[in-house]
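Examining the three-dimensional arrangement
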Amino acid sequence: MNATPDSDPEFQALLDLSARIGADAALVQGPGGNTSLKRDGVMWIKASGAWLAHARERPIMVPVRLAPLLAALAEGDPACESAVGFVPADLNPQGLRPSIETTMHAALPQRVVLHVHCVETIAWAVQADAQERLAALLDGLDWILVPYVRPGPPLTQLMETLVSARTTVVVLANHGLVVCGESVAAAAETLREVVLRLKRPVRPAPEPDLALLSLLCGDRGYRLPRLPAVHAIATDPESLEVARRGSLYPDHIVFLGRGVFALGERETLGDGLRRAQAEGRGEPALVLVPGKGALVRTAAPPAAEAIAGCLGDVLQRLRADEPVRVLGADEEDAIANWDAELYRKALARRPA
């Protein structure tokens with residue numbers, strides 16, 4: 001088993017690219033997204049709960065023995081779910097846990113895999129007719145659309161039935177984007193090309209009523225969000241209409257809860273929070289005040305506002321008359337009660 005690939009230029013290039021991707025909120029939000037490099041029988045992949053933006057600040061990559069993992073995946077071994085049993089401890093002194101997407105990265109044959117929660121891609125990937133609408137936009141690329149299933153081995157198994165050795169672009173319905181290449185540079189160029197092709201117009205949103213929102217906060221444990229896109233979920237009527245339909249993708253559920261929580265007309269924050277408790281929502285990470293703006297729970301992890309910003313950015317690219325598909329109750333339950341996501345959510349409570 002080779003030592004950590006610190007002297008490998010390709011590994012260093014992956015760290016550089018990971019940091020750049022992680023710093024771009026249009027591609028990755030908080031601890032979302034992951035990157036990997038296959039090298040000498042080992043796949044180095046971002047750790048669960050780690051932030052790609054920190055790739056140059058601290059260790060975030062975990063080694064996974066590739067051949068045993070693929071063999072176990074083929075056999076349906078439940079150990080693939082966390083993949084921790086395939087991590088050589090001597091190369092993982094920090095005791096990091098592999099990404100929840102480890103099997104997906106492993107199953108793709110290319111050396112470099114990038115998975116992002118690209119705002120432009122998600123705005124297409126939540127469409128019920130995404131296959132037809134993406135066909136013209138991605139014409140000429142080796143791409144596939146994978147219907148939504150829970151991330152992890154279920155997604156990997158479905159993806160394996162659809163990909164070919166030539167596939168370099170995978171759009172994940174209600175989830176995000178995966179691009180592959182034999183080098184970091186090739187994968188980065190494919191990512192750039194796809195994002196450019198999938199760009200959508202951004203609908204402007206009315207300004208929030210910051211004075212009213214500040215009064216609403218009081219001492220209830222909420223604050224004004226720092227990201228304008230979060231307010232836009234509530235101030236833009238089309239965004240709010242789509243948001244009320246339900247959860248659009250997994251990270252929405254993990255960090256914001258199911259769907260969205262909005263105050264009723266003339267409902268105070270205190271009354272709204274009591275209603276949220278009665279509905280089993282606890283203290284919502286995000287509270288929408290229709291037509292006025294949004295509030296973020298002060299105790300929510302940093303990832304919560306980042307994910308809310310992504311939601312706002314996606315919604316401003318969607319029209320209310322489009323056939324948007326939201327996750328069903330069973331699909332929400334599968335994410336909300338999944339051990340791997342509960343682990344990642346616990347990590348998110350720590351300072352970034």
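Residues numbered from 1 in each chain as written. Predicted model: local features only at pLDDT ≥ 70, side-chain atom pairs only at ≥ 80, totals over all residues. Heavy atoms only, no water.

1. Some thoughts on the overall build of the protein
- Tallying secondary structure elements over the protein gives 15 helices and eleven strands in all.
- The C-alpha atoms of the protein give 20 Å as radius of gyration, which agrees with the globular expectation for 352 residues (20 Å, within 12%).
- For the protein, with 352 residues in total, the buried portion stands at 55%.
- Total accessible area computed for the protein in this model is approximately 14300 Å², and 54% of it derives from carbon and sulfur atoms.
- Taking the 36 positively charged and 43 negatively charged side chains of the protein as two groups, their mean positions are separated by 4 Å. (Helix = DSSP H or I, 4+ residues; strand = E, 2+ residues; numbered from the N terminus. Rg over C-alpha atoms; globule rule 2.2 N^0.38 Å. Buried < 20%, exposed > 50% of the residue type's maximum accessible area, 1.4 Å probe, protein only. Areas by Shrake-Rupley, 256 points an atom, 1.4 Å probe, with all protein chains shown as cover. Lys, Arg positive; Asp, Glu negative; His and termini not counted. Charge placed at Lys NZ, Arg CZ, Asp CG, Glu CD.)

2. What about the sheet that holds strand β8 (residues 222-223)?
- Read from one edge to the other, the open sheet built from four strands follows the order β8-β11-β10-β9, with strand pairing classed as mixed. Bordering the open sheet on either side are β8 and β9 (261-262), each of which pairs with just one other strand. (Pairing = 2+ DSSP bridges.)

3. Considering the environment of histidine 252
- Within the secondary structure, histidine 252 sits in helix α11 (residues 250-256).
- A residue is classified by how much of its surface remains accessible, and histidine 252, at 1% relative accessible area, is buried.
- Along the primary structure histidine 252 and glutamine 110 are separated by 142 residues, whereas in three dimensions their C-alpha atoms are 29 Å apart.
- Residues within four places of histidine 252 in sequence aside, it is in contact with Gly246, Ser247, Gly257, Gly259, Val260, Ile307 and Leu311. (Contact = heavy atoms within 4.5 Å.)

4. Some words on the state of the cysteines
- If you walk through the whole model with that rule in mind, you get zero disulfides.
- In this structure cysteine 310 is not part of a disulfide, and its nearest cysteine sulfur, from cysteine 118, lies 9.0 Å away.
- Residue classification places cysteine 310 among the buried positions, given a relative accessible area of 2%. (Disulfide = S-S within 2.5 Å.)

5. Topic: the pairing of strand β10 (residues 286-289)
- Going residue by residue along β10, you find Leu286 and Leu288 tucked away on one face and Val287 and Val289 tucked away on the opposite face as well.
- Bridge count between β9 and β10: two bridges; the pairing is parallel. Paired with phenylalanine 261 across the bridge in β10 is valine 287.
- Handedness of the crossover joining β9 and β10 through helix α12 (residues 269-278): right-handed.
- When β10 meets strand β11 (residues 293-297), the two strands line up antiparallel, connected through four bridges. Of the residues in β11, the one forming a bridge with valine 289 is glycine 293.
- Between the end of β10 and the start of β11, which pair antiparallel, lie three residues, with glycine 291 showing a positive phi angle near 80°. (Right-handed = clockwise from strand over helix to strand, strands pointing away.)

6. Side note on the packing of helix α9 (residues 228-235) against helix α13 (residues 302-315)
- One way to put it is that α9 packs onto α13 with a least axis distance of 7 Å and a crossing angle of 55°. Compared by their axis directions, α9 and α13 come out oblique. In the packing of α9 onto α13, the handedness of the crossing is left-handed. Of the residues in α13, those in contact with Ala229, Val230 and Ile233 of α9 are Glu305, Ala308, Gly309, Leu311, Gly312, Asp313 and Leu315. (Axes fitted to C-alpha atoms, helices over the stretch in contact; angles between N-to-C directions. Parallel < 35°, antiparallel > 145°, perpendicular 65-115°, else oblique. Left-handed = near helix turned anticlockwise from the far one by under 90°.)

7. Quick notes on the pattern of salt bridges
- If you walk through the whole model with that rule in mind, you get 28 salt bridges.
- Salt-bridge contacts for arginine 39 lead to aspartate 40; the nearest nitrogen and oxygen are separated by 3.6 Å.
- Of the residues examined, aspartate 40 reaches a relative accessible area of 54% and is grouped as exposed.
- Here arginine 192 ties to glutamate 193 by a salt bridge, and the two come within 3.7 Å at their closest N and O atoms.
- By relative accessible area, glutamate 193 is classed as partly exposed at 23%.
- In the salt-bridge network here, residues are joined through shared partners; they are Asp129, Arg133, Arg200, Arg319, Asp321 and Glu322. (Salt bridge = Lys/Arg side-chain N within 4 Å of Asp/Glu carboxyl O.)

8. A look at the confidence of the model for the protein
- Model confidence for the protein is summarised by a mean pLDDT of 94, while 95% of its residues fall at 70 or above.
- Confidence drops under a pLDDT of 50 for residues 341-345, and excluding neighbours within four residues, the segment shows 17 contacts in the predicted structure. (pLDDT = per-residue confidence, 0-100.)

9. Some remarks on the pairing of strand β3 (residues 61-65)
- Within β3, four of the five residues are buried, which leaves the element mostly enclosed by the surrounding structure.
- As defined by bridge partners, strand β2 (residues 42-46) adjoins β3 across five bridges and the pair is classed as antiparallel. Bridge assignment links tryptophan 44 to a residue of β3, and that residue is proline 63.

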